[in-house]
Amino acid sequence: MLAFYRKLNIQYKISILLIGLSLLVISLVSVVLAVQFRNALEERILLQLSSIRHLKTAQLEHVFNSHVHEIEMIARNLDNNSYLDALAEDQFIHIDSVVSTNIQAADDSIAVLDISPQFKDGKIHLEYSYPLGGYVYKFYSSSQQIQQILFERTGMGESGETYLVGSDYYLRTISRFYPEEIPTQIYSKTKAAEYALNNTSGGLLHLDYRQVEVFSSYGLLQFKGVKWAVLSEIDKQEAFSPIREMADRILFFAIIMFMISSVISYYIAHRLVSPIIKARDIIKDISRGEKAKPLEWSSQDEMGDMFYAINELVKVNDQIIYFSNQIAEGTGVDEMQPRGEADLLVAALNNMKKQLKQLKQKEQQLLNKNHRLFVEGEEKERARLSRELHDSIAPLLTSILHKLQHHYNDSNKEHEVILIVRDTIQELRKVSFNLMPSVLKDFGLIEALHSFVKVNFEDRGTKIFIEHTKEGEGEISKEVELNLFRIIQEAIHNAIKHAHAHEIRLSVTEFADQINVYISDDGKGFDVDNVPKGSGLQNMKERVRIFNGHWFIQSGAEGTSIEIEFNKQSND
């Protein structure tokens with residue numbers, strides 16, 4: 001990674017540093033905001049739960065006090081049967097029954113005992129002991145008023161609940177999540193319950209009796225012997241839903257800020273480094289001998305001085321490149337003006353230009369002469385071989401064929417020999433024709449092409465169509481005619497031998513001073529940029545070049561097409 005960073009240019013390095021710095025700042029700000037929001041939300045959640053718990057505790061204490069008040073009223077009217085009858089019909093009375101015992105009262109204060117574990121009906125059962133006249137009266141209550149108070153869950157969301165835990169760590173009120181189960185059979189020895197039963201109050205995040213992480217506000221409710229832990233709780237997942245929403249918003253704005261800072265960082269780095277990079281590129285171009293463009297810079301500081309010197313160097317380099325191209329092409333006649341008396345480079349370039357121009361002229365003359373001589377010699381040798389085959393070997397084979405036919409005695413072997421000799425004569429005539437067709441000299445290019453196709457491909461299965469159009473007068477020189485015949489001959493052979501073409505179309509169009517040839521086939525095609533040696537294309541191309549012609553070849557899956565253009569008269 002470090003090696004990759006070192007390979008980067010200064011602009012990207014500065015951009016990466018600025019973007020990294022902005023990313024660090026955005027990340028720190030986002031983390032700080034998220035942490036502060038989380039802490040504030042936790043504090044708010046625990047404060048709200050604490051308020052609910054205090055409210056529920058006060059309501060429960062009020063219930064106990066109302067029970068005590070009722071007991072005192074009943075105790076004062078135990079001998080008043082009419083009062084007791086009326087009391088029994090009162091639906092707001094929470095005392096279910098009264099029992100008189102012979103137990104001597106230890107003191108004169110009311111005591112309350114939680115006897116809910118003795119019952120399996122899911123209700124809260126309380127026993128009130130009231131001393132009166134030296135005896136103890138026991139009042140029993142199974143009122144659901146306490147349960148109704150705890151069932152009120154306003155402001156506690158979908159998962160919030162307030163419930164009671166006895167000193168045996170079993171629930172006393174019905175669970176919001178397990179309403180069908182008996183509370184005194186649900187064990188809840190959690191941290192919050194332990195802290196509350198140890199007479200401490202506060203708030204924390206812990207696992208509740210369901211083993212679910214919850215926020216809990218805990219405290220102890222003590223009333224005349226009853227000792228309950230009061231817990232107000234809400235699931236962490238629900239309580240932290242605003243944090244997730246806030247985190248999504250922070251992430252969205254962080255991404256926006258990161259994108260904006262990235263663009264700004266890149267722009268700043270570009271403005272700082274762009275002049276240096278331009279100067280570096282110009283110096284590299286000059287060091288490689290390439291043409292460079294001058295820089296536009298308006299400042300008058302050290303950077304402006306450097307750009308002025310670089311622009312002067314660019315001007316000199318352009319002059320040298322232009323002059324060197326003139327030397328290479330042989331097109332320039334003017335000498336390069338020296339920049340001073342000691343300008344050895346310009347003097348050497350002027351001298352080299354003069355000598356190279358002379359050498360190039362001689363080389364071109366010699367090359368054209370050699371090529372023409374080679375082609376002429378090749379054609380002369382072809383003509384000689386054609387004559388020898390036609391005038392000496394062919395007659396001898398014909399004589400042999402006549403003698404065999406005169407002495408033919410219907411033998412299979414002799415008949416086979418006659419056929420072989422006849423085929424040999426036919427092939428010999430084809431070879432003689434291809435070496436130098438006499439019809440080309442006597443009747444011209446078009447007739448020679450028709451004869452060439454008839455002699456070589458009439459029985460091959462390949463369809464060859466020749467079209468001739470003449471749109472202007474003017475004779476074709478014998479050299480150009482022979483050269484075109486050889487090129488077309490090679491193209492047809494290639495189409496059949498290599499491309500396996502089934503149909504070849506040849507179009508020859510004559511104009512006043514030039515002739516155009518178009519050849520197309522439906523063969524398999526080939527890669528024109530990767531032509532194997534021996535395919536004949538190089539020979540065709542060389543023939544076009546020798547006679548100052550032009551050609552264009554295109555090949556693909558649908559076949560190959562060749563366009564050739566020649567002047568009718570050869571240029572020496």
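Everything that follows concerns the structure shown earlier in this document.
Here the structure is a predicted model, which is why all the values come from computation and not from measurement.

S.K.: Which parts of the structure should I look at to understand the sheet that holds strand β12 (residues 550-556)?
M.R.: In a beta sheet, neighbouring strands are held together by backbone hydrogen bonds and run either parallel or antiparallel to one another. Overall, mixed pairing links the five strands, which are arranged β9-β10-β11-β13-β12 in an open sheet. A single partner strand is all that each edge strand has here, and the edge strands are β9 (463-470) and β12. Direction aside, the axes of adjacent strands within the sheet are offset by 10° on average. Strand direction decides the pairing type here: β9 and strand β10 (residues 503-510), joined by eight bridges, are parallel. Counterpart to K470 in the pairing with β10 is E510. Here helix α12 (residues 445-457) sits on the sheet in contact with β9, β10 and β11 (514-521), set at roughly 175° to β9. The sheet contacts of helix α13 (residues 478-497) involve β9, β10, β11 and β13 (559-567), and relative to β13 the element is tilted by about 175°.

S.K.: What am I meant to see in the pairing of β13 here?
M.R.: Along a regular strand, successive side chains alternate from one face of the sheet to the other. Both β11 and β13 contribute to a ladder of eight bridges, which runs antiparallel. Bridge pairing in β13 places I515 opposite F566. Here seven bridges tie β12 to β13, and the two strands are oriented antiparallel to one another. Within β13, the residue paired with W551 across the bridge is I564. Between the antiparallel neighbours β12 and β13 lie two residues.

S.K.: Would you mind going over α12 with me for this structure?
M.R.: Helical periodicity: at 3.6 residues per turn, an α-helix aligns residues three or four positions apart in one direction. In a regular helix each residue adds 1.5 Å, so 13 residues correspond to 18 Å; α12 covers 18 Å between its end C-alpha atoms and thus fits that length. Of all the residues in α12, the buried ones are L445, I446, A448, L449, F452, V453, N456 and F457. Angularly, the buried residues of α12 cover 160° about the axis, an arc narrow enough to put them on a single face.

S.K.: What's the story with the sheet that holds strand β6 (residues 202-207) in this structure? I'm lost.
M.R.: Strand order in the open sheet made by the four strands is β5-β8-β7-β6, with antiparallel pairing throughout. If you trace the sheet from one side to the other, it starts and ends with β5 (161-165) and β6, each paired once. Neighbouring strand axes in the sheet, compared pairwise and without regard to direction, differ in orientation by 35° on average. Pairing of β5 with strand β8 (residues 226-235), which is carried by five bridges, proceeds in the antiparallel orientation. Within β8, the position partnered with E161 by the bridge is E233.

S.K.: Would you mind showing me how to read the packing of aromatic side chains here?
M.R.: Describing an aromatic ring pair means giving the distance of the ring centres and the angle of the ring planes. All chains considered together, the criterion is met by nine aromatic pairs. Taking 5.6 Å as the distance between ring centres and 45° as the angle between the ring planes, the aromatic pair formed by Y195 and Y218 counts as tilted. Residue Y195 is found in helix α5 (residues 191-197), and its partner Y218 is found in strand β7 (residues 213-223); the two are separated by 23 residues along the sequence. A relative accessible area of 37% places Y195 in the partly exposed class. With a centroid separation of 5.2 Å and an interplanar angle of 65°, the aromatic rings of F215 and F240 are classed as edge-to-face. Here F215 is found in strand β7, whereas its partner F240 is found in the loop between α6 (236-239) and α7 (241-287), with 25 residues between them in sequence. Judged by relative accessible area, which is 5%, F240 ranks as buried. Three or more aromatic residues joined by ring pairs make a cluster, and in this case those are F64, F223 and W228.

Reading the values: the criteria
Residues numbered from 1 in each chain as written. Predicted model: local features only at pLDDT ≥ 70, side-chain atom pairs only at ≥ 80, totals over all residues. Heavy atoms only, no water. Pairing = 2+ DSSP bridges. Helix = DSSP H or I, 4+ residues; strand = E, 2+ residues; numbered from the N terminus. Axes fitted to C-alpha atoms, helices over the stretch in contact; angles between N-to-C directions. Contact = heavy atoms within 4.5 Å. Expected span 1.5 Å × (residues − 1). Buried < 20%, exposed > 50% of the residue type's maximum accessible area, 1.4 Å probe, protein only. Arc of directions from axis to C-beta. Phe/Tyr/Trp six-rings, centres within 6.5 Å; stacked < 30°, edge-to-face > 60°.

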